[in-house]
Amino acid sequence: LFIFFPTHRSVYDGQEHGLFMEKLEGRIRNHDREIEKMCNHHFQGFVDSITELLKVRGEAQKLKLLTTMDELKQCRLQQRNIATTIDKLTHCLPGVAPTALYYPALCTLEQLEHTCLPKAGGYRFCAIMAENIPVLRTHIRDVSMSDLKDFLESIRKHSDKIGETAMKQVCVWKPCAQDLVDFSPVYRCLHIYTVLGARDTFENYYRKQRRKQARLVLQPHSNMHETLEGYRRYFNQIVGFFVVEDHILHTTQGLVNRAYVEELWELALSKTIAALRTHSSYCTDPDLILDLKNLIVLFADTLLGYGFPVNQLFDMLLEMRDQYGEILLKKWNQSFRQIIDQDNYSPIPVATEEEYRRITGQFPFQDPELEKMSFPKKLPFSEFVPKVYSQLKEFIYACLKYSEDLHLSSTEIDDMIRKSTNLLLTRTLSNCLQYAIKKKNVGLAELVQIIVNTTHLEASCHYLEEFISNITSVPPDTVNATKLYGTSTFKDARHSAEEEIYTNLNLKIDQFLQLADYDWMATQGGGQASDYLIDLIAFLCSTFAVFTHLPGKVAQTACMSACKHLSTSLLQLLLEADVRQVSMGALQQFNVDVKECERFARAGPVPGFQGDTLLLAFIDLRQLLDLFTQWDWSTYLADYGRPTCKYLRVNPHVALALLEKMKDTSRKNNMFAQFRKNERDKQKLIDTVVKQLRNLIATHQS
């Protein structure tokens, strides 16, 4: 501009402005033509260059993308590392974060006391700060201790929730305590006391407080035994306490040690077992005992997962097994009594095939002959049999439920079930059968049905053996396997029922004999048996007709027993002290009655007797009456003591007692005719026989 400025100025100053513009435009046109030529000359190169540039741009974009992907990959790797680091640091935060405020303050105080203040010199503010440093340390310690006390109070209140969560999750995974509790107050206080050189003081305080809490936790409520929820709360608190201690053990160095935790656990174990023994003893509900057992197993498994030994708990569960068994026996005693009271003691009528299959499905009964019979028909036993058999199986299932999850072998479970079932059979069911047999107003028909029922139940015992073996997977022929005592139980009950039949028959006979009304001073006997005896024989005939359902020997024994009792009772009737005198006419009537009894025996009221076996029941009476009615004293006295004696069954004492009664009668009836020759002779004869009998007795006694 400085160069051309004078020229431009001369142009504008002069009159050559137009000429200058023409020259300038011409020059511009020349330059434009040159530029156009140059552009035309280099156009193709320019196009090629643009094309190449576009290609380079595409490759550059690809290169830029690859670079971006590497950067992204590196970024993702960094993010993952950061996340991992954060996760790891998070686990460390419970021990680090709580001290973030207090620990720097303590470090600052330490630096201030030992480094900064000495350098600052002896100013008054330095002295004031030095004096306040211990106060600040104490304040920090007290604040952290206050947080710890709040923590201890919090876990005391929430132990049951902690334990509940732990017990719920024991089957899935071991729960992390820090997910349930904020432990930062413990870590903070421990760290502060460690820095302050008072770690031992803190450890002692913590352990002392936790021991106090342990005693509170281990003290059950007085009504804990009333509901399962009471036991559950008790267990939750104990589990919660030890979950916390286990976490403290593993996350602090020495605040608590293994010996301390084991000591607490031993205390807890003894207290818990004692409490359970006491409170469970009040329980009378088998379902509650079973639920409690399952709860104790869960409690033990939870604590076992934290490394605590729980063998004593399982030993206690085996003790409770006996109590559970006793409660079951009481419950089944009521069930058996109810079945007995509701039974009609009659064979079960069956109208259809479906009904028949239903009953035989409940009770293992097979009778090919009965199956061939058309409907309707009757099963030999009453409803008592299938109901009792079903209850026996239910009892076995109840025993099995308790044995589950106790870490027992199949053999041990099998043995426990068999022993419990034996108690049910030999004690509970046996007593109930005795109750049925000894019940008031139980008749002979009921006793007969009880014998039939027990016979079928005895036959089913081996099915019970198989049933137990199937549910325990232990073969019944295993060495040392406990055998069921069902056979002996039902045999004993049957024998008791048989004895009761014999007793009842005798009582009935006694009732008829009480109706006997002999005229002991009769001058001659009647032509037919006494009315009471005719009624008695009719009763015996109808009774023995019912005995067709009994085993043959039972019916025969009952019949023989009745006949012997009748014979003995008739003889006692004759020899009663109240009967002071007996006439020959009375003996003749008595003889007619005995002949009626013999006619009954000879008719065979019960099949199975050989020959005149049943007549032997009356042999003593028959020989005694023959001796008196035939007045065959010479034969008796001459043959006495010989095995072939005609009157072998006549006891001389009995003969003498009866003869004394006849002698008194003879004297009384003939006191005004004593001078008649025949009467005097008869009296002398009686006196002679009496004397001879007395001599005979004296001789054999010596």
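Residues numbered from 1 in each chain as written. Predicted model: local features only at pLDDT ≥ 70, side-chain atom pairs only at ≥ 80, totals over all residues. Heavy atoms only, no water.

Enquirer: Could you give an account of the overall build of the chain, with specific residues and numbers?
Expert: In terms of helices and strands, the chain carries 24 helices and two strands. Here the chain, with 702 residues, has 41% of them falling under the buried criterion. Sequence separation of 24 or more characterises 79% of the internal contacts of the chain that already satisfy a separation of 6 or more. In the structure as shown, the chain presents an accessible area of about 40,300 Å², 54% of it carried by carbon and sulfur atoms. (Helix = DSSP H or I, 4+ residues; strand = E, 2+ residues; numbered from the N terminus. Buried < 20%, exposed > 50% of the residue type's maximum accessible area, 1.4 Å probe, protein only. Contact = heavy atoms within 4.5 Å. Areas by Shrake-Rupley, 256 points an atom, 1.4 Å probe, with all protein chains shown as cover.)

Enquirer: Give a description of the packing of aromatic side chains that names residues and reports values.
Expert: Applying the stated rule across the entire model yields 29 aromatic pairs. For the pair tyrosine 193 and phenylalanine 202, a centre-to-centre distance of 5.5 Å together with 35° between the ring planes defines the contact as tilted. Like tyrosine 193, the residue phenylalanine 202 is buried in the burial classification. Ring centres of tyrosine 324 and tyrosine 402 lie 4.9 Å apart, and the angle between their planes is 25°; on these two criteria the pair is classed as stacked. Taken as a pair, tyrosine 324 in helix 10 (residues 311-342) and tyrosine 402 in helix 13 (residues 384-403) lie far apart in primary sequence, 78 residues in all. By relative accessible area, which is 2% here, tyrosine 324 ends up buried. (Phe/Tyr/Trp six-rings, centres within 6.5 Å; stacked < 30°, edge-to-face > 60°.)

Enquirer: Tell me about a nonpolar patch on the surface, and please be specific about residues and values.
Expert: Together, Phe20, Met21, Leu24 and Ile28 make up an exposed nonpolar region whose accessible area comes to about 300 Å². Summarising the element assignment, leucine 24 is placed in helix 2 (residues 17-96). The exposure class of leucine 24 is partly exposed, given its relative accessible area of 38%. (Patch = residues over 30% accessible without salt bridge, like charges linked within 9 Å, V, L, I, M, F, W, Y side chains within 5 Å. Salt bridge = Lys/Arg side-chain N within 4 Å of Asp/Glu carboxyl O.)

Enquirer: Now, about the packing of helix 17 (residues 486-513) against helix 18 (residues 531-546): what can you tell me, with residues and values included?
Expert: The geometry of helix 17 relative to helix 18 is characterised by a closest axis approach of 9 Å and an angle of 160° between their N-to-C directions. In this view, helix 17 runs roughly antiparallel relative to helix 18, as classed from their interaxial angle. Crossing angle aside, the handedness with which helix 17 passes helix 18 is right-handed. Taking contact as the criterion, the partners of Leu505, Lys508, Ile509, Phe512 and Leu513 in helix 17 are, on helix 18, Tyr532, Asp535, Leu536, Phe539, Leu540, Thr543 and Phe544. The class makeup of the residues in the contact of helix 17 with helix 18 is nine nonpolar, one polar and two charged. (Axes fitted to C-alpha atoms, helices over the stretch in contact; angles between N-to-C directions. Parallel < 35°, antiparallel > 145°, perpendicular 65-115°, else oblique. Left-handed = near helix turned anticlockwise from the far one by under 90°. Nonpolar A, V, L, I, M, F, W, Y, C, P; charged D, E, K, R; others polar.)

Enquirer: If you had to explain the pattern of salt bridges to someone new, which residues and values would you point to?
Expert: Tallied over the entire structure, the rule returns 22 salt bridges. A salt bridge links aspartate 626 to arginine 622; the nearest nitrogen and oxygen atoms lie 2.9 Å apart. You can see aspartate 626 and its partner arginine 622 sitting in helix 21 (residues 619-629), four residues apart, about one turn around the helix. Judged by its relative accessible area of 12%, arginine 622 falls in the buried class. Taking the shortest distance from any N to any O, the salt bridge between lysine 646 and aspartate 632 comes out at 3.7 Å. Here aspartate 632 lies in the loop between helix 21 and helix 22 (633-639) and lysine 646 lies in the loop between helix 22 and helix 23 (652-669), a separation of 14 residues in the sequence.

Enquirer: Requested: an account of empty space enclosed by the protein, with residues and values cited.
Expert: Summed over the entire model, instances satisfying the criterion amount to one cavity of 30 Å³ or more. By volume, the largest cavity is sized at about 50 Å³. Surrounding the largest cavity, Ile340, Asp343, Tyr345, Phe384, Leu433, Ala436, Ile450 and Asn453 form its lining. (1 Å grid on protein atoms, 1.4 Å probe; cavity = no way out; pocket = protein on both sides within 12 Å on 5 of 7 lines; lining within 4 Å. Points joined across faces, edges and corners; volume = space filled by probe spheres on them.)

Enquirer: Describe the side chain of asparagine 506, listing the residues and the values that go with them.
Expert: Residue placement: asparagine 506 occurs in helix 17. Those residues in contact with asparagine 506, other than ones at most four positions away along the chain, are Ser561, Ala562 and His565.

Enquirer: Break down the nonpolar core for me, citing the residues and quoting the values.
Expert: With 178 residues, the main nonpolar core has Phe235, Ile501, Leu505 and Phe544 as its most contacted residues. Among the elements that line this core, the one with the most residues is helix 10, at 13 residues. Ignoring sequence-local partners within four residues, the contact set of isoleucine 501 consists of Leu444, Leu447, Val448, Ile451, Phe547, Leu550 and Ala558. Leu109, Ile133, Ile140 and Ile192 belong to the second largest nonpolar core, which has five residues in total. (Core = buried A, V, L, I, M, F, W, Y, C linked by side-chain atoms within 4.5 Å.)

Enquirer: Any details on the environment of proline 185? Residues and values, ideally.
Expert: In this fold, proline 185 is placed in helix 5 (residues 184-195). The class for proline 185 is buried, based on a relative accessible area of 11%. Measuring from C-alpha to C-alpha, the distance between proline 185 and serine 146 comes to 8.9 Å, with 39 residues separating the pair along the chain.

Enquirer: How would you sum up unusual backbone geometry? Please name residues and give values.
Expert: In this structure, the amide linkage connecting phenylalanine 375 to the following residue, proline 376, adopts the cis form with an omega of 0°. Tracing the backbone through its elements, the reader meets proline 376 in the loop between helix 12 (368-372) and strand 2 (377-378). Positive phi outside glycine occurs at serine 473, with the angle close to 60°. If you trace the backbone, serine 473 turns up in the loop between helix 16 (461-472) and helix 17. When its relative accessible area of 62% is taken as the criterion, serine 473 is described as exposed.

Enquirer: Tell me about the confidence of the model for the chain, residues and numbers included.
Expert: Of the residues in the chain, 87% reach a pLDDT of 70 or more, and the chain-wide mean stands at 83. Confidence scores differ between elements of the chain, with helix 1 (residues 5-13) showing the lowest mean pLDDT of 60 and helix 13 the highest of 94. Segment residues 1-5: pLDDT under 50, and zero contacts once partners within four positions in sequence are set aside and those in other chains are kept. Contacts of residues 88-100 to residues separated by more than four positions or lying in other chains number eleven contacts, the stretch itself having pLDDT below 50. (pLDDT = per-residue confidence, 0-100.)

Enquirer: Explain the packing of helix 15 (residues 444-459) against helix 16 to me, using residue names and the numbers behind them.
Expert: Between helix 15 and helix 16, the least distance of the axes is 4 Å, while the angle of their chain directions is 40°. The angle between helix 15 and helix 16 falls in the class oblique. Seen from helix 15, the contacting residues are Leu457, Glu458 and Ala459; seen from helix 16, they are Cys461, His462 and Tyr463. Residue composition of the contact of helix 15 with helix 16, by class: four nonpolar, one polar and one charged.

Enquirer: So, helix 7 (residues 228-251): which residues are in play, and what are the values?
Expert: If you check helix 7, its first and last C-alpha atoms are 35 Å apart, about what 24 residues at 1.5 Å a residue would give, namely 34 Å. The element helix 7 is largely enclosed, with a buried count of 18 among its 24 residues. (Expected span 1.5 Å × (residues − 1).)

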